[in-house]
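So the chains spell out like this:
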Amino acid sequence: MRIKGTFLDEISHDIPHQNWGRDEWDRDFGYMKKAGIDTVILIRSGYRKWQTFPSEVLMKSEGTYRPPVDLVQMYLELAEKYGMSFYFGLYDSGKYWTEGKFSQEVDLNKRVIDEVWTKYGHMPAFKGWYVSQEISRKTGQIIDLYASLARHCKDVSEGLPVLISPYIDGIKNVSQYVNDTTKAKGISLQQHENDWREIFDGIKNAVDIVAFQDGHVDYDDLTGFLQLNKSLADEYGLECWTNSETFDRDMPIKFMPIKWEKLLLKLQMAERAGIHNAITFEFSHFMSPQSAYLQAGHLYNRYLEYLELIKSKNNGFSKTGFTV
Amino acid sequence: MRIKGTFLDEISHDIPHQNWGRDEWDRDFGYMKKAGIDTVILIRSGYRKWQTFPSEVLMKSEGTYRPPVDLVQMYLELAEKYGMSFYFGLYDSGKYWTEGKFSQEVDLNKRVIDEVWTKYGHMPAFKGWYVSQEISRKTGQIIDLYASLARHCKDVSEGLPVLISPYIDGIKNVSQYVNDTTKAKGISLQQHENDWREIFDGIKNAVDIVAFQDGHVDYDDLTGFLQLNKSLADEYGLECWTNSETFDRDMPIKFMPIKWEKLLLKLQMAERAGIHNAITFEFSHFMSPQSAYLQAGHLYNRYLEYLELIKSKNNGFSKTGFTV
Amino acid sequence: MRIKGTFLDEISHDIPHQNWGRDEWDRDFGYMKKAGIDTVILIRSGYRKWQTFPSEVLMKSEGTYRPPVDLVQMYLELAEKYGMSFYFGLYDSGKYWTEGKFSQEVDLNKRVIDEVWTKYGHMPAFKGWYVSQEISRKTGQIIDLYASLARHCKDVSEGLPVLISPYIDGIKNVSQYVNDTTKAKGISLQQHENDWREIFDGIKNAVDIVAFQDGHVDYDDLTGFLQLNKSLADEYGLECWTNSETFDRDMPIKFMPIKWEKLLLKLQMAERAGIHNAITFEFSHFMSPQSAYLQAGHLYNRYLEYLELIKSKNNGFSKTGFTV
């Protein structure tokens, strides 16, 4: 099991920015490549007033601030340089859809999609779309939102694939603005199945890939959810990846790189559930040798040792002693 | 718009200490100098039981702990070495003035001012005073406290300038001991004007410079407050600077370096409001190449690129693509 | 006063993991050695489902996850290499004893103790035991738990010493999952004495060393507690060390390295209370030159300067100006 892709956390809404310039990003794509990552996914092209590229649509309609850098252009160029696929994450208003105004979120994003495709669609690394409105349950008209946006993405781009990455309403699904790391009760497998049957039924043929976040449930419960997600996705014809989070949800400090042992355990659980592709949220803060969090660089080294072990088909002990 | 000054966050009451010795501080003053900073402001000379220099007044009266280092002496020497101005921040009892005992806070500080001027007043870098009791609104006898302390500072020092740096009671004015980053309602421009008319009227001719903190209001509201602060200060004859905070108030982790884009936006807003001088809280944690937060070093690099751009009067795109 | 020992924070339950491999741990033991540390104490061999070595007892009984590395083996080898003593920390179920099922916690741990001694008892660095169930007050059958576990440790190992490290229920005894750093009321000296008389009476002849954590009380109250702890321990025949915490409990961000001035103050208070040995929680995150928290490396440098000062019996000012 390898991590094939990572999110690019721009615009972040809860993780402090690293203030990298182009040199740092160039180097980071190199580190990703060396770790076998071939796909980068922009987590969102904008959030409320902040945006990753100077969108005329958003500046006119939402009064977003003109950004000092065109990150979309830069990411597309770097992805091309390193032979990677770039997925474009849609705009998240942070309000319309969360306040029930789903059609406003959809209409606005359709215009962003048109603008983006006109502006960047010719660039060779542009290989897919990511619907950035994160959900966990069937609420309101979220199914319509997913389906219409995904269809519009595919329509303008000759069918490029569309990815979503929902979370599971598990016991670790708590706000980043509280200090607790767990809540009393998570969703049951049965309720999760009911919700996602209905969602998958509504978005099949529009959304291509679903990569559930793997950090919201207890480790003991994860296998059950991974298996259910895989079998449901199979049934409705979606590809099932795992979004194996590389930050640690169990700590009172929010958010730091995960312990390698936990990441390894989650990847192995996904593999045993029949899942073949992993992406992660996200490389540059939590796994990069140049991350501001030095724990990330050590996680990178542990992960490279693991890749080495897999390659040598050596199931014994490595120099650092871990087994796979 | 350039940052001309920075606070020195000793004694900090909420940001973890970096444990620097003289070598690290010497190097940091060099980094500041290179970034155009010519003024350093001691945020407070003491807080509750902790102090930056061995004050006989405070040890006798408050039982403060004898510090292992005389930071005031060291800062004055380094400021002289690098050709900078040093502003001395008064003692904050953390109790008398917050419990309504304003005259005790004033009397104690007057004795500290006398002691400090006797001890360090001859040093060439000693160029001003900072009243460290942070306020936002007219409450209690705060006007008297500001005016009497400022007058005493000027009296003993042949009129050296006195600086204050209040905050605005905006939606981001929340305790650092809660995880929320916003509250429901911030102060209105009108109420802010009413409060500060009264305060400015009471402290004019005593306080010379006011540098409001710029981090407590929404970015969309900042311009309004900057303009109001500038015009009020002009009216009452105070210099108006901006305290452009270099840490990010929008994140659940408290406190990390700000995203360059946000700092740039705030500096530009202040410039457009007619403000000519910026100071920041604060360089050594949030902007220094040797900060324990590596995001700070990248912020430093982005800021130096920006200074380079200004200098070359090049309004196009730099290597890293930002515009000014 | 020197720090003779440090905890090894594996398995951590609240401090983010550094993801070190054997090379980093080897280097860290070298840094410890250079700072005069001769004792390493595994904080706990397991916590809930996570463990430091592949315990057949725990995997069978508790369904713990098989760890990728045998940390106990590695620590014992490194301790031997650097001439240090290793203390083994017992398993903390995180449930039985906290839910009143003391005998289950005891029985399980007795089997772990047997397993561990059989597996690692022959290794030369194995020099003691640490009972990892942290307490502050006499609650439930905690005395029996301490006494029976300690006795079992000594029985299997020909009397190797047993250490405990309780905390004091002071005003800073607040959950790491709340943002407050203090609570309204801490325990009184009298109540602390009453509780610990009863506990010491029950565990004397079983537990050899008690090292109270020094971070939960106000600095002004610490001397009183240190003196009381020392005299009580003397009375009941236990050795009294201090666990001088190297992280800062006064900050809203949890947990960062402590300010050197505070650590120095606490060590001096302990020394004046007649205590001769200090251990710390813990070196690798909060004091190591290779810690992910760069403040830690500076703390290390300040501490080495302090050792240098002690050695030279120079009570004047060092290059960085601190006094001892």
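Residues numbered from 1 in each chain as written. Chains lettered and ligands numbered in written order. Predicted model: local features only at pLDDT ≥ 70, side-chain atom pairs only at ≥ 80, totals over all residues. Heavy atoms only, no water.

Draft legend 1. Highlighting the relation of the copies chain C and chain A. Placing chain C over chain A gives an RMSD of 0.0 Å and needs a rotation angle of 120°, together with 0.0 Å of translation along the axis. Interpreted geometrically, this transformation is the action of a three-fold axis. A share of only 12% of the interface residues of chain C reappears at the interface of chain A, consistent with the copies meeting through non-equivalent patches. (Least-squares fit on C-alpha atoms with pLDDT ≥ 70 in both. Contact = heavy atoms within 4.5 Å.)

Draft legend 2. Focus on the UniProt feature "domain: DUF4434" (unreviewed entry) in chain A. Mapped onto this numbering, the UniProt entry annotates "domain: DUF4434" (unreviewed entry) at residues 3–293 of chain A. Between the end C-alpha atoms of residues 3–293 of chain A the distance is 20 Å, and the span holds 40% helix and 14% strand. (UniProt positions renumbered as here; feature names shortened; annotations may be inferred. Helix = DSSP H or I, 4+ residues; strand = E, 2+ residues; numbered from the N terminus.)

Draft legend 3. View of the confidence of the model for chain A. Residue and element names in this part refer to chain A. Of all residues in chain A, 96% have pLDDT values of 70 or greater, and the mean over the chain is 94. Low pLDDT, under 50, characterises residues 316–324; the predicted model gives this stretch 30 contacts beyond four residues in sequence or across chains. The complex prediction reports pTM at 0.95, with the ipTM value standing at 0.95. (pLDDT = per-residue confidence, 0-100.)

Draft legend 4. A look at unusual backbone geometry. Here the bond from A:Glu10 into A:Ile11 is cis, since omega is -5°, no more than 30 degrees from zero. Counting through the fold element by element, A:Ile11 comes out in the loop between strand E1 (3–8) and helix H1 (22–34). Residue C:Glu282 follows C:Phe281 across a cis peptide bond; omega there is -25°. In this structure, B:Asn19 is a non-glycine residue whose phi angle is positive, near 60°. With respect to the helices and strands, B:Asn19 occurs in the loop between strand E1 (3–8) and helix H1 (22–34). You can call B:Asn19 buried: its relative accessible area is 2%. Unusually for a residue other than glycine, C:Arg48 sits at a positive phi of about 50°. With respect to the element layout, C:Arg48 can be found in the loop between strand E3 (46–47) and strand E4 (50–51). A relative accessible area of 44% places C:Arg48 in the partly exposed class. (Buried < 20%, exposed > 50% of the residue type's maximum accessible area, 1.4 Å probe, protein only.)

Draft legend 5. Structural view of the interface of chain C and chain A. Taken together, the contact pairs 33 residues of chain C with 28 residues of chain A. In this assembly, chain C packs against chain A so that about 2600 Å² is buried in total across both faces, 57% of it on carbon and sulfur atoms. At the junction of chain C and chain A, the tally comes to three salt bridges. Across the salt bridge formed by C:Lys49 and A:Asp220, the nearest N and O atoms sit 2.2 Å from each other. Across the side of chain C that touches chain A, the residue classes tally to 16 nonpolar, nine polar and eight charged. (Buried area = accessible area lost by both parts, 1.4 Å probe. Salt bridge = Lys/Arg side-chain N within 4 Å of Asp/Glu carboxyl O. Nonpolar A, V, L, I, M, F, W, Y, C, P; charged D, E, K, R; others polar.)

Draft legend 6. Highlighting the interface of chain A and chain B. Each side of the interface is counted separately: chain A has 33 residues, and chain B has 28 residues. Between chain A and chain B, roughly 2600 Å² of surface is buried when both sides are summed, and carbon and sulfur atoms account for 58% of that area. Taken together, the links from chain A to chain B amount to three salt bridges. The partner of A:Glu24 in a salt bridge is B:Arg302, with the nearest N and O atoms 3.7 Å apart. Where chain A meets chain B, there are six residue pairs in polar contact (both at pLDDT 80 or more). With three residues, H1(A) is the single largest residue contributor to the side of chain A that touches chain B. Residue composition of the side of chain A that touches chain B, grouped by class: 16 nonpolar, nine polar and eight charged. (Polar contact = N/O pair within 3.5 Å; in protein donor to acceptor, adjacent residues only side chain to side chain.)

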